[in-house]
Amino acid sequence: MTVSSDPALAASWSRATAAAGANRRRRNLQVYHHAVLIFGVALMMAPLLVAFASSTYDPIVIHSEGLQLGYGGEFASTYGAVLFDRGGFTGDITGVRMLWNSVILGLGFAVGKIVISMLAAYAIVYFRFPFGTVAFWIIFSTLLLPLEVRILPSYEVVQSMGMLNSWTGLILPLIASATATFYFRQFFKSVPDELLEAARIDGAGPVRFFLDILVPLSKTMMAAIFIIMFVVGWNQYLWPALMTTDESLFTIVRGIRQILQVWIGANIPEYNKALAMAILAMVPPALIVLIFQRAFVKGLVETEK
Amino acid sequence: MMTLLEAAARHVEAPVHTPSDRALTLEIDGVVKRYPNGALAVKGVDIQVGQGELVVFVGPSGCGKSTLLRMVAGLEAVSEGEIRIDGRRMNEADPADRDIAMVFQNYALYPHMTVRKNLAYGLQNRKTPKDVIAAKVAEAAAMLQIEEFLDRKPSQLSGGQRQRVAMGRAIVRDPKVFLFDEPLSNLDARLRNQMRLEIRKLQRRLGVSAIYVTHDQVEAMTLADRIVVLNGGLVEQVGTPSEVYARPATTFVASFIGAPAMNLLDAVVDGGRLRVGEAAIPAPAGAPQGPVKAGLRAEKARLVPAGQGLPFALEAVEELGATRLLHGLAAGAPVVVAADAALPLPAGPLSLTADPADLHLFDARQGGRL
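Worth saying up front: this structure is predicted, and the values here are computed from it rather than measured.

On to the UniProt feature "transmembrane region" (unreviewed entry) in chain A, then. Mapped onto this numbering, the UniProt entry annotates "transmembrane region" (unreviewed entry) at residues 31–53, 99–122, 129–147, 167–188, 209–234 and 274–292 of chain A. Strand forms 0% of residues 209–234 of chain A and helix 96%; the C-alpha atoms that close the span are 33 Å apart.

As structure tokens, this is what we get:
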């Protein structure tokens, strides 16, 4: 009674309850947000967990009882076999070798694309030459022609140059990237002109300016492109499958298929090994993303200029 | 055709005078900037800068002042005319070979390099020995009091500190000419005043010639040994700050230099009288008869009780502390009068009058000083 008779007190009381209500609403909202996120994580991680769990079981168990959710105790033997047992048609390709091949392909792919597209973007942005803009839009329009569309002519070119079954043939034809050129072009365009002018007054020629100023400034951008391109290169399947028949050049992504294919007579397919190899094939790109994650976000979001 | 006439008219009262006791460091000789689309940014400019002199290019945006500076720096090609530094033709020289150093509006520091590297970069490219670089950087840093920031990156510095680093980068070069392109416009007002003084002192101490581009007439007045007022790609007037202020060569200079801007009234000289509308005030001795533009500085205008000059209708008052600005209409034309704030506001009907010696008369059509 006395409380409500004092208007000031009543007002502060209702303010306090309103604030408490807002807090409660905010907390409820947070719980809801987390629930959504956890559900999303579960949805995405479940197949990975099932794959990993099953890969630790004996293939007979998987064959008779289906995919597993627990730990089967065969981890060391399965993964050891996948990594170090010689296999394949020729009988001397190991999982380690295939992983290594994938690393080379991914690195060559990513580094090559960064180098080429940075140089292309540098030329497009900083030099006036006839048909420069036209050249850029031609490069850009190749985005409309994914690899799969032009794979036969590409194969023909590589084949006629005698580069089948070689690293050069695997990496070189794919090294130009419209996406990366476009990203670097946009980035270079956002670098203030005064930096170039200051560098010119400081006696830096085109090469110095590129190496001393643009490359260091593009570091985060390069990291972002590196991640994207490494993962793209790592996951290439059709291209290496066409360009290489020599098993010593096989990548891990092809290895997964290779294992499942071995279904001789009444043998049970080695599900556990296939799953193990799939897990192994996922680890390096995941690691790269984890390591470069911060630079990745920085490169795409903020620019240090 | 029109531009030639205009140019001729404007050149009449704009003597290009140089300090005869100093050697010439920089000569800008009939320089024209024509863009590929035919647009003229600079329409034939002659300016000489003496050894150790600080010359300010001032004008509204688009007047060609920055273009002119960039041509001196070698960042823009010269379409016609010649630029000489220490007597040597520089038109074709690379920016790095012109013996100039430039301070940019946005500082243009290399963001990924420490302050020390920023200062040293130009010297490294010149293959200067390491110990010489270290000594020069240390000297410049001491001069600018940025020693404690030498190992920081530009992003960790405040605006004023970045400004100093930009100056340091110019100083270590030991150039013949400093080029400043609106270097203070990114700073807040207080810091701007402080840095303005510092730039002045530093330039004096180093005795290096300098060109300073600004659109701020206060900066121009306070910094310059000589001011070059540019408008529409042409030089309106060259002179010391006091000359430009006291004897503006054209109506443009009159209205551009000085704050508040000079009052300009359409008037007619009729005998010894200067008629504005129906009213009149005494005209300066020897004034040519006929229509003129009459200029009067706000602080030279006097308000007196009605009846003795141009009827003045007060419209607004601005208090500036020491002075107050009275905005009103004198014989129908907008006029500003500066009055001592200590005196009471005038009341009742007023008239505007002035000492005939304080009046500036300009050609009514061409705007040149009479």
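Per the UniProt entry, the sites bearing "domain: ABC transporter" (unreviewed entry) are residues 26–257 of chain B in this numbering. Helix makes up 37% of residues 26–257 of chain B and strand 26%. Its end C-alpha atoms lie 25 Å apart.

The next point concerns the interface of chain B and chain A. Often, the extent of an interface is quoted as the loss of accessible area upon association of its parts. On the chain A side, the residues contacting the 18 residues of chain B number 16 residues. Going through the elements one at a time, strand 6 (100–103) and helix 3 (115–125) of chain B are the ones with two or more residues in the side of chain B that touches chain A. By residue class, the composition of the side of chain B that touches chain A is twelve nonpolar, five polar and one charged.

Let's shift gears to the domain arrangement of chain A. Residues and elements named next belong to chain A. According to the domain assignment, chain A consists of domain 1 (2–55) and domain 2 (85–301). The C-alpha-based centres of domain 1 and domain 2 are spaced at 43 Å. Tallying the contact residues gives four residues for domain 1 and six residues for domain 2. Here the residues of the side of domain 1 that touches domain 2 sort into two nonpolar, two polar and no charged.

Let us now look at the nonpolar core. One finds A:I225, B:V56, B:V72, B:L179, B:I211 and B:V228 to be the most contacted residues of the largest nonpolar core, which totals 144 residues. Per-element tally for this core: the top contributor is helix 12 (residues 219–234) of chain A, with eleven residues. Not counting chain neighbours up to four residues away, the residues in contact with A:I225 comprise A:I114, A:A180 and A:Y183. Residues A:I93, A:F250, A:I256 and A:A278 belong to the second largest nonpolar core, which totals 19 residues.

Residue and element names in this part refer to chain B. Following A259, the chain continues to P260 via a peptide bond in cis, the omega torsion being -5°. Mapped onto the secondary structure, P260 falls in the loop between helix 9 (251–256) and strand 11 (263–270). The phi torsion at E182 lies on the positive side, around 45°, for a residue other than glycine. Given 19 C-beta atoms within 10 Å, E182 falls into the partly exposed group.

Scoring rules and cut-offs
Residues numbered from 1 in each chain as written. Chains lettered and ligands numbered in written order. Predicted model: local features only at pLDDT ≥ 70, side-chain atom pairs only at ≥ 80, totals over all residues. UniProt positions renumbered as here; feature names shortened; annotations may be inferred. Helix = DSSP H or I, 4+ residues; strand = E, 2+ residues; numbered from the N terminus. Contact = placed C-beta atoms within 7 Å. Nonpolar A, V, L, I, M, F, W, Y, C, P; charged D, E, K, R; others polar. Domains from an automatic or database assignment. Core = buried A, V, L, I, M, F, W, Y, C linked by C-beta atoms within 7 Å. Buried ≥ 20, exposed ≤ 12 C-beta atoms within 10 Å, placed from the backbone.

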